[in-house]
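# Results of the structural survey
Spelled out from the first residue to the last, the chains are:
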Amino acid sequence: PCFEVPVFEGCDSDSGESASPTTCEAGNPDAVIPEDKSWNSYTYSCRQAGGTCYSADSESFCDTSAGYTWSPTGYCGVSALSVSCGCCMPPATSSPTPAPVPQRQPPNTVRTYYVDSVNGNNNNDGLTEGTAWATLKKAATGIQSQTEIVVMNGVYQNLNYGDGTIDNYAVFSIQDVDDIVLRAFPGHTPKLQFDGSGGISLKNVNRAEVTGFEVEGPNQLITREEAEADRLLHSRKFSGRGIVLWSGSHVLFANNIVHDTPNSGIRCNSADYVTVENNEVYHCTYWSSNAESAIVFAESLAVDELDITKMIIKNNIVHDNENRIPYYNSNYDDPAYLEENQMHVARENYGSSLQTFIIDGSGVYISRNSNSYLYGRYELSGNVAYRNGINGLVVHKTDRCLVKDNVLYDNGQVSREEPESRQNYAGLTLNNAKEVSVYNNSVYVTWSGDKAFQKDSASTYYDAAGVDVSAKGFVNYNCNGQVASEVGSDRVVTLDTATCMRTRAPTQSPTSSPTASPTVSTTSSPTTSPTRACIAETGTNCRVGGIETACCNTAHTCFEKTSNYGSCRESCPVNADWACYVPSTSSPTASPTAAPTARQMMCEAQYSGLTLPDDTKPWSYYTYGCRNNAGGECVSSEQFCDVAGGATYLTSGYCGIAALGVSCGCCVPAPAESSTIEIAWQAGFSDAAARTVDAKSGDTLRFTWTSNHNVYTLQDEESLSSCSFTQATELDGGSTSGVTYTIPSGAGPYLYFACEVGSHCQNGQHLTVTVTDYSGGDDATSAPTSAPTSVVTSAPTLP
């Protein structure tokens, strides 16, 4: 039982005999077994059972006569290395002394400073709300340990933001301090905008919290051509991260919204006792060539020897993140470097200047921790990851991790075709990860050829005594995907289409995020707000709300994308074959008795951009009379018109396509009563939802506020996006709280309002009104796609 590990005591190097039972004991946790990981990891099962590992020929050291149990296999776990050890466990009535379980230590602060970009001044003392500083750079300069920084609404940018510089620094950067709190003022959501190295950067910081911020990177200001030109350079503009911890311990990142960062949204390297929870991370990792993922733990370093859960990523929403630039590492261009460091590459040319494919960029990713993190455990739980480039969640070269209760769907958005040529993984992947517990995770993959659950032969599981991995609460669920044979058939249940789980999506996203996938019931009547959803499977089913469902029923109809009868919305995969359409209106008391045919569905005004198959004119040409003269909508049947609710169904003379053999009628809604809508004019500073409202002709908007503000009408979306008041008009009495605006007939489809005082518009004091009864024709403008910024740059068209 004696083998060459110099730190082991009690081993006679001359005779090779065991001088004591300590060869296999857990008392040597720092010893490294030849060609494998730390000894500490192999004794975990025995120690969890309250026992001690001994040499297999040392059963005499385990007092079985006193009720101790000797288990020669299955607990000390090194049989593959030809090291024979056994576990001596105490009697069942004997309880071992529990190990200490410390929690993440909160920061201890003794001073507080305030920052307010709207009303603050860097010449103030920063000690009160009324004497706040104006910039986060001021707050970070000369910061001391034990400091709390409270940030009010506003936009906070890095130095030289927007001037074209490609190597700017972070908005807020500190290092070598402890006990730091950086938080939003209660009820506020301040925004950090960066085009440099990042939003918030901490280095060598212990006991810190960052909570309540929106962090926006420059992805929408970067073109693919610019990013490709910078691929070998790694300039800061193309490599910035949202929130990053480079080293430290006892850190919390919570309740933040991070988006449009070229690199990771949230990243922690060389850290311990870190919790990342309740954040939303989206539209990240586009333009960097660093092969990063949305939320990352890498190269963790333990600050103690406790074998407890210390590194946690939980309850985050992670979506629409992907790599669009191939990975590059200058070392990978040097074959001598690869040979000297005994490195292998995933594919030929991986990481070199010749790489053209993309196989990196996932949702939640923990990587390269096995060799550095010898004490402590990870937990990845309750995360929702969808529409990310490769996988939803990955445990890579990381040991001792609990992966549970995660919902992953529609990942694998990077193409499997050349040049991207991603691997066929699109769900939950274990790669060279040991002692991993994988419980109650639900994975849906869009393409049935992708693996929902992937595990390589080097990865191993850990299941506590008594755990039935096939039981509810532990077993995992697969929808539409493949399961690698190494995963184990007892650990995953593959559901058929009819019973496939309904995955969940976030209930609310920032206004700049993409529209969430619809969640339409397959049994209810069509709603008054039509939605379309897409899938990537040919056949008779569509996918609605994250599940495969028979779509051709009373509530919705399938169309082939390639025909003239329907098309996928913009965010659908380019190779999607079907679209699912929900009728636009219906009676509140009755549902259609049969599915409308594709030709009948042509009556729906939602298809206003299509050309009828038997003619050369668009559908909008034939619906003009109904839409513009009668103020209605063409539908295929009276059952889609709420006559009982006061609507009028006109059978002829308005939809005008009888010559084509398509029977349509015009549904004119009941006249709506006018109402007064109260607008809390200052709410937009902190609440993105307060910046939009639906109204109809005749409604009156009443703007109220305190302090110094006004209300202007802006000409168009471009004026709103740039906060330009060149052609704006102040409302009559617009500088006095309580000013009103009545929406005239025919106005719309969108109206724009903003405050002209200072930088109030840039900081969120603006309003977009959607006029719901607008029927002005095909020249309607679209709703604004993003909030105004103080720097106007045309966003590129992203694939």
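Computed from a prediction, not measured in an experiment: that's the story for all the values here.

## Considering the sheet that holds strand β9 (residues 191-193)
Taken together, 11 strands build an open sheet; the order of strands is β6-β9-β12-β15-β18-β21-β24-β27-β30-β32-β34 and the sheet is parallel. The open sheet has two free edges, formed respectively by β6 (155-157) and β34 (492-495), since each of these has just one partner strand. Along the sheet, successive strands turn relative to each other by an average axial angle of 15°, direction set aside. With 3 bridges connecting them, β9 and strand β12 (residues 214-216) associate as parallel partners. Counterpart to glutamine 193 in the pairing with β12 is glutamate 216.

## Examining the sheet that holds strand β41 (residues 648-650)
Strand order in the open sheet formed by 3 strands is β40-β42-β41, with antiparallel pairing between adjacent strands. Either end of the sheet is taken by a strand with one partner, and the two such strands are β40 (633-635) and β41. The mean inter-strand angle of the sheet, taken between neighbouring strand axes irrespective of direction, is 35°. Pairing of β40 with strand β42 (residues 665-668), which is carried by 3 bridges, proceeds in the antiparallel orientation. If you follow cysteine 634 over to β42, its bridge partner there is cysteine 666.

## Quick look at the side chain of arginine 491
When you line up the elements, arginine 491 lands in the loop between β33 (482-483) and β34. The class for arginine 491 is buried, based on a relative accessible area of 11%. Beyond its immediate chain neighbours, meaning those up to four positions away, arginine 491 contacts Tyr461, Asp463, Val469, Val475 and Asn476.

## What about unusual backbone geometry?
Each neighbour pair has its own omega, and for glutamate 418 with proline 419 the value is 5°, a cis peptide bond. As for its position among the elements, proline 419 is in the loop between β27 (407-411) and β28 (425-431). With an omega of 5°, the peptide bond running from glycine 748 to proline 749 counts as cis. Structurally, proline 749 can be placed in the loop between β48 (740-742) and β49 (750-754). We note that glutamine 146 has phi near 65°; this positive angle belongs to a residue other than glycine.

## Quick notes on a negative patch on the surface
On the surface, a cluster of negative charge is made up of Asp333, Asp334, Glu339 and Glu340. Mapped onto the elements of the fold, glutamate 339 is located in helix α5 (residues 335-340).

## Thoughts on the pattern of salt bridges
As enumerated under the stated definition, the model contains 20 salt bridges in all. Note that arginine 183 is salt-bridged to glutamate 148, the shortest N-O span being 2.7 Å. Note that arginine 183 is positioned in strand β8 (residues 178-184) and glutamate 148 in strand β5 (residues 147-151), a separation of 35 residues in sequence. Given a relative accessible area of 14%, glutamate 148 falls into the buried group. Across the pair arginine 368 and glutamate 299 runs a salt bridge whose closest N-O atoms are separated by 3.3 Å.

## Some thoughts on the confidence of the model for the chain
For the chain, mean pLDDT is 75; residues scoring 70 or higher make up 68% of the total. Taken together, the stretch residues 501-602 has pLDDT below 50 and engages in 248 contacts with residues farther than four places along the chain or on a different chain. In this model residues 777-799 is a low-confidence stretch, pLDDT under 50, and it forms 53 contacts with partners more than four residues away in sequence or in other chains.

## Considerations on the nonpolar core
Phe172, Leu202, Phe253 and Val395 are the most contacted members of the largest nonpolar core, which totals 66 residues. By size, the runner-up hydrophobic cluster in this structure holds 20 residues, among which are Leu701, Phe703, Val711 and Phe753.

## Considering the packing of aromatic side chains
Applying the stated criterion to the full structure yields 13 aromatic pairs. Residues tyrosine 327 and tyrosine 350 carry aromatic rings whose centres are separated by 5.1 Å and whose planes lie at 45° to one another, so their mutual orientation is tilted. Here tyrosine 327, found in the loop between β21 (317-319) and α5, pairs with tyrosine 350, found in the loop between α5 and β22 (364-367); they are 23 residues apart in sequence, far enough to count as distant. With respect to burial, tyrosine 327 and tyrosine 350 carry one shared label: buried. Both rings, one in phenylalanine 703 and one in phenylalanine 753, keep their centres 5.4 Å apart while their planes meet at 50°; by these two values the pair is tilted. With phenylalanine 703 in strand β45 (residues 700-704) and phenylalanine 753 in strand β49, the pair connects residues that are 50 residues apart, well separated along the chain.

## Regarding the state of the cysteines
If you walk through the whole model with that rule in mind, you get 1 disulfide. Note that cysteine 723 is cross-linked by a disulfide to cysteine 761, the S-S spacing being 2.0 Å. Judged by the torsion about the S-S bond (-80°), the cysteine 723/cysteine 761 disulfide is left-handed. With cysteine 723 in the loop between α9 (717-722) and β47 (729-730) and cysteine 761 in the loop between β49 and β50 (766-771), this residue pair connects regions lying 38 residues apart in the sequence. A relative accessible area of 10% places cysteine 723 in the buried class.

Reading the values: the criteria
Residues numbered from 1 in each chain as written. Predicted model: local features only at pLDDT ≥ 70, side-chain atom pairs only at ≥ 80, totals over all residues. Heavy atoms only, no water. Pairing = 2+ DSSP bridges. Helix = DSSP H or I, 4+ residues; strand = E, 2+ residues; numbered from the N terminus. Axes fitted to C-alpha atoms, helices over the stretch in contact; angles between N-to-C directions. Buried < 20%, exposed > 50% of the residue type's maximum accessible area, 1.4 Å probe, protein only. Contact = heavy atoms within 4.5 Å. Patch = residues over 30% accessible without salt bridge, like charges linked within 9 Å, V, L, I, M, F, W, Y side chains within 5 Å. Areas by Shrake-Rupley, 256 points an atom, 1.4 Å probe, with all protein chains shown as cover. Salt bridge = Lys/Arg side-chain N within 4 Å of Asp/Glu carboxyl O. Lys, Arg positive; Asp, Glu negative; His and termini not counted. Charge placed at Lys NZ, Arg CZ, Asp CG, Glu CD. pLDDT = per-residue confidence, 0-100. Core = buried A, V, L, I, M, F, W, Y, C linked by side-chain atoms within 4.5 Å. Phe/Tyr/Trp six-rings, centres within 6.5 Å; stacked < 30°, edge-to-face > 60°. Disulfide = S-S within 2.5 Å.

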